[in-house]
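So you can see what is in the structure, the chains are spelled out below.
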Amino acid sequence: MDYKKAGVDIEAGYRSVELMKKHIGRTMRPEVLTDIGGFSGAFSLGGFGQMEKPTLVSGTDGVGTKLKLAFLLDKHDTVGIDCVAMCVNDIACGGAQPLFFLDYIACGKNFPEKIAQIVSGVAEGCVQAGAALVGGETAEMPGFYPEDEYDLAGFAVGVVDEKDLITGKDIKAGDVLVGMASSGVHSNGFSLVRKVFDMNRKSLDTYYDELGATLGETLLAPTKIYVKALSSIRDAHVHIHGCCHITGGGFYENIPRMLPEGVHAWIKKDSYPVLPIFHLLAKVGNVEEKAMYNTYNMGLGMMVAVDAADVEKTMAAIKEAGETPYVVGEVASGDKGVTIC
């Protein structure tokens, strides 16, 4: 008996690392001080001495049950983007610039080519976010996961000058809410998605005219990374009063998270186009409208609150970063919360 006969292939682990290296190399920043394969990743903060009070901001998240679709479609090169997006979008909401990322892949069996596909997506997400992939872990866990399944999670660290932290404390009545278009369902609410649609290859390969793609292609579209858009707003010298990453819990849970006491967010449903996948989800699943807004991003993945005088500059900056903005509402005095009307 040996470790391989027990289900853990150390040689496959070595091969996975070798296959990853070309993808990881795309993400490197000059501040990275270590090579892949060591026991830890080192990142120098020496280049941020111009900040008065450099402040680290961190976030961790996973992809969730969206991975079930990747298993069914045998497509593993985009879920890594989702993993990075879920982490870096959160820390960017705090005003931070992502610095580095680490991933964790747990699998029933290490298939090196599949692991490399997953990491290629992680690397692409890091490139989009400007973060270095400084390390990670691939854990082969036979008997814990089925051989053809895996879990994927990540951890990101960013930096911001303390005075530039976005906390929501500056949001005031009269501020305007600007939303940024999502790419689809992103990485939340897939437990409901999997109840609404049949989760088999035939169902996922079905083409829908209203989607302009197959159901599987639409659902597996990777989460947008909004780091560049938020940086573009700041570069336009706009003070972001508050920022909200619309993830699990949709509008009703996430928008209040950026609000201070004494103000209320009003969102106009007809101010932007709800993506067709959400109409299809509601129709096929007979899901009530409030439940949709309480679960999904409904076509808006990120939202900022800015002074009314800065709306045009904000819209232009978001467009310059390649994203699509909409003026979707405003802030008024009232009890902390959100109304969708």
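So, here's what we can say about the structure. (Residues numbered from 1 in each chain as written. Predicted model: local features only at pLDDT ≥ 70, side-chain atom pairs only at ≥ 80, totals over all residues. Heavy atoms only, no water.)

## Topic: the nonpolar core
Link 1 in the chain: With 93 residues, the main nonpolar core has Phe 251 and Met 303 as its most contacted residues.
Link 2 in the chain: The element that contributes the greatest number of residues to this core is helix α3 (residues 79–93), accounting for 10 residues.
Link 3 in the chain: Beyond its immediate stretch of four places on either side in the chain, Phe 251 contacts Ile 246, Pro 256, Ile 267, Tyr 272, Tyr 293, Tyr 296, Asn 297, Met 298, Leu 300, Val 338 and Ile 340.
Link 4 in the chain: One finds Phe 43, Met 51, Ala 132 and Val 134 within the second-largest nonpolar core, a separate group that totals 10 residues. (Core = buried A, V, L, I, M, F, W, Y, C linked by side-chain atoms within 4.5 Å. Buried < 20%, exposed > 50% of the residue type's maximum accessible area, 1.4 Å probe, protein only. Helix = DSSP H or I, 4+ residues; strand = E, 2+ residues; numbered from the N terminus. Contact = heavy atoms within 4.5 Å.)

## A look at the packing of helix α1 (residues 10–24) against helix α4 (residues 112–129)
Link 1 in the chain: Axis separation between α1 and α4 bottoms out at 8 Å; the angle between their running directions is 30 degrees. Considering their axes alone, α1 and α4 lie roughly parallel with respect to each other. At the point where α1 passes α4, the crossing takes the right-handed sense. Contacts from Ala 12, Arg 15, Ser 16, Leu 19, Met 20, His 23 and Ile 24 of α1 reach α4 at Pro 112, Glu 113, Ile 115, Ala 116, Val 119, Ser 120 and Ala 123.
Link 2 in the chain: Broken down by class, the residue content of the contact of α1 with α4 amounts to nine nonpolar, three polar and two charged. (Axes fitted to C-alpha atoms, helices over the stretch in contact; angles between N-to-C directions. Parallel < 35°, antiparallel > 145°, perpendicular 65-115°, else oblique. Left-handed = near helix turned anticlockwise from the far one by under 90°. Nonpolar A, V, L, I, M, F, W, Y, C, P; charged D, E, K, R; others polar.)

## Description of the pattern of salt bridges
Link 1 in the chain: Under the definition given, this model contains 15 salt bridges.
Link 2 in the chain: In this structure, the salt-bridge partner of Lys 21 is Glu 18, at a minimum N-O distance of 3.2 Å. Of the two residues, Lys 21 and Glu 18 both sit in helix α1, three residues apart, roughly one turn of that helix.
Link 3 in the chain: The class of Lys 21 is partly exposed, set by a relative accessible area of 35%.
Link 4 in the chain: Of the charged contacts, one joins Lys 269 and Glu 289 as a salt bridge, the two residues approaching to 3.0 Å between their closest N and O atoms. Here Lys 269, found in the loop between β9 (263–267) and α10 (276–285), pairs with Glu 289, found in helix α11 (residues 289–293); they are 20 residues apart in sequence, far enough to count as distant.
Link 5 in the chain: What emerges from the salt-bridge pattern is a single network uniting Lys 172, Asp 175 and Asp 307. (Salt bridge = Lys/Arg side-chain N within 4 Å of Asp/Glu carboxyl O.)

## Focus on the packing of aromatic side chains
Link 1 in the chain: For the structure on display, the rule yields six aromatic pairs.
Link 2 in the chain: Between Phe 71 and Tyr 150, the ring centres sit 4.9 Å apart and the planes meet at 75 degrees, which makes this aromatic pair edge-to-face. Of the two residues, Phe 71 sits in helix α2 (residues 67–73) while Tyr 150 sits in strand β4 (residues 150–161), which places them 79 residues apart along the sequence. With respect to class, Phe 71 is no different from Tyr 150; both count as buried.
Link 3 in the chain: A ring pair is formed by Phe 251 and Tyr 293, whose centres lie 5.2 Å apart and whose planes are at 85 degrees; its orientation type is edge-to-face. Taken as a pair, Phe 251 in helix α9 (residues 250–254) and Tyr 293 in helix α11 lie far apart in primary sequence, 42 residues in all. An identical accessibility class is assigned to Phe 251 and Tyr 293; each is buried.
Link 4 in the chain: A cation over a ring is seen here: Lys 109 above Phe 111, with NZ or CZ 5.7 Å from the ring centre.
Link 5 in the chain: Just above the ring of Tyr 252 sits the side chain of Lys 290; from NZ or CZ to the centre is 5.4 Å. (Phe/Tyr/Trp six-rings, centres within 6.5 Å; stacked < 30°, edge-to-face > 60°. Lys NZ or Arg CZ within 6 Å of the ring centre and 35° of its normal.)

## Examining the packing of α3 against α4
Link 1 in the chain: Between α3 and α4, the least distance of the axes is 6 Å, while the angle of their chain directions is 40 degrees. When the axes of α3 and α4 are compared, the pair comes out oblique. Of the two elements, α3 crosses α4, and the hand of that crossing is right-handed. Each of Gly 80, Ile 81, Val 84 and Val 88 in α3 lies in contact with α4, whose residues at this interface are Ile 118, Gly 121, Val 122, Glu 124, Gly 125, Cys 126, Gln 128 and Ala 129.
Link 2 in the chain: Of the residues contributing to the contact of α3 with α4, the split by class is seven nonpolar, four polar and one charged.

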